[in-house]
Amino acid sequence: MSVETDISAAPTTRDRILRAAAALLEREGRDAVSTRAVGTAAGVQAPTLYRLFGDKAGLLQAVAAFGFESYLVQKHGLDESDDPVADLRRGWDMHVQFGLSRPAFYTLMYADSAPCPAAREAEAVLLRMVSRVAVAGRLRYSVDRAARLIHGTAMGLVLSLIATPEDDRDLELLTIARENVLREITVDGVPDSRAASEPGDATRTRAVALKAALRSEPTAALSAAEQALLGEWLDRIADGAG
């Protein structure tokens, strides 16, 4: 077999290996994803697996990326509405549903693997969703800070529930956490949210909205360094009272 033929066939072989590893992961857990078991399930010899992934750690990293790609298909499938806060709520629900329905994948993706391009794309999707809230003048904190709060809370709670026996899980915590986070980061549009007239909110939301607008549409009136400095000042205004 020529080198050219081998390289062209590699993506199909790689995909078959990843699908076999993913099936083992979901069916039997991470410990079942050995190079021998995956090779047998995929119908490939060990040298092929090692050539494509290096070792078991490399294989698991690729499986995690495979999981993120599946996650992104669902995330990109969420339609945008005229209410960015409602869209953020739906994004939260999709995230936690993915985690609870695919616990082995979720744990590998968020607790046991290094960041990958697909993971960074997932972060970018969240930032875009939060930025829409900011541009609408409804975000109390900077986009980055709000996104970290959303992601950290949802991820921590999902991992905690995964580690809890199903019969002992309090799934209502997901709704409580979601609404508390949305209530904290937004100034209106969420049931029982604090009023936008709370001292400092108007200034903070304007700072957040301007930073989000500059991020999406940089202005030629300022140099890159000036825009970076302005962005830092706006973030300090937005988060300084938090």
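These numbers come from a predicted model, not from an experiment. All residue numbers here refer to positions counted from 1 along the written sequence of the relevant chain. Under the rules for a predicted model, residues below a pLDDT of 70 receive no local features and side-chain atom pairs below 80 are neither given nor counted, while totals for whole chains, interfaces and linings still include all residues. Hydrogens are left out, water is left out, and the side-chain values use all remaining heavy atoms of the structure.

### Focus: the overall build of the chain
The criterion, for reference: Only runs of H or I of at least four residues qualify as helices and only runs of E of at least two qualify as strands under DSSP, and these elements are numbered from the N terminus. The buried label goes to any residue with under 20% of its type's maximum accessible area, the exposed label to any with over 50%, and the partly exposed label to all in between, with areas taken from a 1.4 Å probe on protein chains only. In this analysis, two residues are considered to be in contact whenever any of their non-hydrogen atoms come within 4.5 Å of each other. Here the accessible surface of atoms and residues is derived via Shrake-Rupley with a 1.4 Å probe, and residues count as covered only by protein chains that are part of the display.
Check the secondary structure of the chain and you find 11 helices and zero strands. For the chain, the succession of helices and strands along the chain, N to C, is α-α-α-α-α-α-α-α-α-α-α. Classification of the 242 residues of the chain by burial places 40% in the buried group. Within the chain, counting contacts between residues at least 6 apart in sequence, those at least 24 apart form 71% of the total. Here the chain has roughly 12,800 Å² of accessible surface; of this, 55% comes from carbon and sulfur atoms.

### As for the pattern of salt bridges
To keep things clear, this is the line we draw: Criterion for a salt bridge: a side-chain nitrogen of Lys or Arg within 4 Å of a carboxyl oxygen of Asp or Glu.
For the structure on display, the rule yields 11 salt bridges. Note that Glu26 and Arg102 form a salt bridge whose closest N and O atoms lie 2.9 Å from each other. Taken together, the residues span a long stretch of sequence, with Glu26 in helix α1 (residues 3–28) and Arg102 in the loop between α5 (84–101) and α6 (103–111) at a distance of 76 residues. Residue Glu26 is classed as partly exposed on the basis of its relative accessible area of 40%. We note a salt bridge from Arg178 to Glu179, for which the minimum N-O separation is 2.7 Å. For the pair Arg178 and Glu179, one class covers both residues: buried. One network of salt bridges, in which partners are shared, links Glu80, Asp87, Arg90 and Arg132.

### Remarks on helix α7 (residues 117–135)
To be explicit about the condition: Given a helix with a known number of residues, its expected span is that number minus one, times 1.5 Å.
Between its terminal C-alpha atoms α7 stretches 26 Å, which fits the 27 Å expected from 19 residues at 1.5 Å a residue. Looking only at α7, the buried set comprises Ala118, Ala119, Ala122, Val125, Leu126, Met129, Val130, Ser131, Val133 and Ala134. Where α7 terminates, the next one or two residues include Gly137, which has phi positive at roughly 75°.

### A closer look at the confidence of the model for the chain
Basically, it comes down to this: Within a predicted model, pLDDT stands for the predictor's per-residue confidence, ranging from 0 to 100.
Residues at a pLDDT of 70 or more form 79% of the chain, whose mean pLDDT is 83. Within the chain, the lowest mean pLDDT, 68, falls on helix α10 (residues 201–216), and the highest, 96, falls on α5. A low-confidence stretch, residues 1–10 stays under pLDDT 50, and its non-local contacts, those more than four residues away or across chains, total four contacts. The low-confidence segment residues 189–197, where pLDDT is below 50, has 24 contacts with residues more than four positions distant or belonging to other chains.

### Quick word on the side chain of Thr186
For the record, the criterion: Two N or O atoms count as a polar contact when they lie within 3.5 Å, although within protein this holds only if one can serve as hydrogen donor and the other as acceptor, and sequence-adjacent residues are included solely when both atoms are side-chain atoms.
Residue placement: Thr186 occurs in the loop between α9 (172–185) and α10. A distance of 2.5 Å separates a polar atom in the side chain of Thr186 from the backbone oxygen of Leu182. Those residues in contact with Thr186 that sit more than four places away from it in its chain are Val85, Val133, Arg138 and Arg140.

### Here's the deal with the environment of Ile17
Within the element layout of this structure, Ile17 appears in helix α1. Between the C-alpha atoms of Ile17 and Leu49, which are 32 residues apart in sequence, the distance is 7.7 Å. Setting aside residues no more than four positions away along its own chain, Ile17 makes contact with Val38, Ala42, Val44, Leu49, Leu52, Phe53 and Leu59.

### Remarks on the packing of α6 against helix α8 (residues 143–162)
We count it as follows: Angles here are taken between N-to-C directions and fall from 0 to 180 degrees, while the axes themselves are lines fitted to C-alpha atoms, restricted in helices to the stretch in contact. The scheme is simple: roughly parallel for angles under 35 degrees, roughly antiparallel for over 145, roughly perpendicular for 65 to 115, oblique for anything else. Note on convention: near helix rotated counterclockwise from far helix by under a right angle means a left-handed crossing. Clockwise means right-handed. Residue classes follow a fixed rule: Ala, Val, Leu, Ile, Met, Phe, Trp, Tyr, Cys and Pro count as nonpolar, while Asp, Glu, Lys and Arg count as charged, and any other residue, Gly among them, counts as polar.
Where α6 meets α8, the closest approach of the two axes is 11 Å, and the angle between their N-to-C directions is 135°. When the interaxial angle is binned, α6 and α8 end up oblique. As for how α6 packs across α8, the hand of that crossing is left-handed. Residue-level inspection shows Pro103, Tyr106, Thr107, Tyr110 and Ala111 of α6 in contact with α8, the latter providing His151, Ala154, Met155, Val158, Leu159 and Ile162. Along the lines of polarity and charge, the residues of the contact of α6 with α8 split into nine nonpolar, two polar and no charged.

### Overview of the environment of Leu18
If you trace the backbone, Leu18 turns up in helix α1. On the basis of relative accessible area, Leu18 is assigned to the buried category, the value being 5%. Sequence-distant contacts of Leu18, that is, excluding residues within four places in its chain, are made with Phe53, Ala62, Val63 and Phe66.

### Observations regarding the nonpolar core
Across soluble globular proteins, you tend to see nonpolar side chains buried next to one another. Basically, it comes down to this: We define the nonpolar core as a collection of buried residues of types Ala, Val, Leu, Ile, Met, Phe, Trp, Tyr and Cys that are connected through side-chain atoms lying within 4.5 Å of one another.
Leu59, Leu88, Val130 and Ile185 are the most contacted members of the largest nonpolar core, which has 60 residues in total. No other element matches helix α4 (residues 56–76), which puts 10 residues into this core. The residues touching Leu88, leaving out its near neighbours within four places in the chain, are Leu126, Met129, Val130, Val133, Ile150, Leu182 and Ile185.

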